[in-house]
Amino acid sequence: GFGNLYTKNPAVGFRWNADPHASQYQFQLSRYQDFRVIKTERIVDQPAVKVGKLAPGNWYVRARPVDAKDTNGGFPAAQKIRVPWGFFSSAPWQD
């Protein structure tokens, strides 16, 4: 699962546990628990990603490892985060 959420104005970042067999990771961020609309999707080399400011409310995040053969398993259960009103002092943010 996700080890921590961190902020470094103006970005929000996510870190998760490394997989020894992963060559990359697929990260997704959505407003919806079922990820029917994906706001941000990234392929990254390290078990961490930074995104811009997030609009207040609930967000869902998930990441899965991708191995050197470009194969991957299913995504683990998404984790819910809540961004409170006023968390970021100025716009723009992702909505």
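Look a little higher up for the structure.
Participant: I'd like a rundown of the sheet that holds strand β7 (residues 79-83), residues and numbers included.
Facilitator: Read from one edge to the other, the open sheet built from four strands follows the order β4-β3-β6-β7, with strand pairing classed as antiparallel. Each edge of the open sheet carries a strand with a single partner, namely β4 (38-44) and β7. Adjacent strand axes in the sheet meet at a mean angle of 25° when their direction is disregarded.

Participant: Could you give me a rundown of the packing of aromatic side chains, with the residues and numbers involved?
Facilitator: Applying the stated criterion to the full structure yields three aromatic pairs. Ring pairing ties together the aromatic residues Phe14, Trp16, Tyr25 and Phe27, which thus form one cluster. Above the face of the phenylalanine 35 ring, arginine 62 is positioned so that its terminal group lies 3.8 Å from the ring centre. Above the plane of the ring of phenylalanine 75 lies arginine 62, whose end atom (NZ or CZ) is 4.2 Å from the centre.

Participant: Please set out the environment of valine 61 residue by residue, giving values where relevant.
Facilitator: Assignment of secondary structure puts valine 61 in strand β6 (residues 57-67). Exposure remark for valine 61: the relative accessible area of 1% places this residue in the buried category. Distance in space between the C-alpha atoms of valine 61 and proline 76 is 10.0 Å, their sequence separation being 15 residues.

Participant: Requested: an account of the pattern of salt bridges, with residues and values cited.
Facilitator: Oppositely charged side chains are able to pair whenever their charged atoms sit close together. Counted by the stated rule, this structure contains one salt bridge. Arginine 36 is paired through a salt bridge with aspartate 34; the nearest N and O atoms lie 3.0 Å apart. Owing to a relative accessible area of 56%, arginine 36 belongs among the exposed residues under this scheme.

Cut-offs applied
Residues numbered from 1 in each chain as written. Predicted model: local features only at pLDDT ≥ 70, side-chain atom pairs only at ≥ 80, totals over all residues. Heavy atoms only, no water. Pairing = 2+ DSSP bridges. Helix = DSSP H or I, 4+ residues; strand = E, 2+ residues; numbered from the N terminus. Axes fitted to C-alpha atoms, helices over the stretch in contact; angles between N-to-C directions. Phe/Tyr/Trp six-rings, centres within 6.5 Å; stacked < 30°, edge-to-face > 60°. Lys NZ or Arg CZ within 6 Å of the ring centre and 35° of its normal. Buried < 20%, exposed > 50% of the residue type's maximum accessible area, 1.4 Å probe, protein only. Salt bridge = Lys/Arg side-chain N within 4 Å of Asp/Glu carboxyl O.

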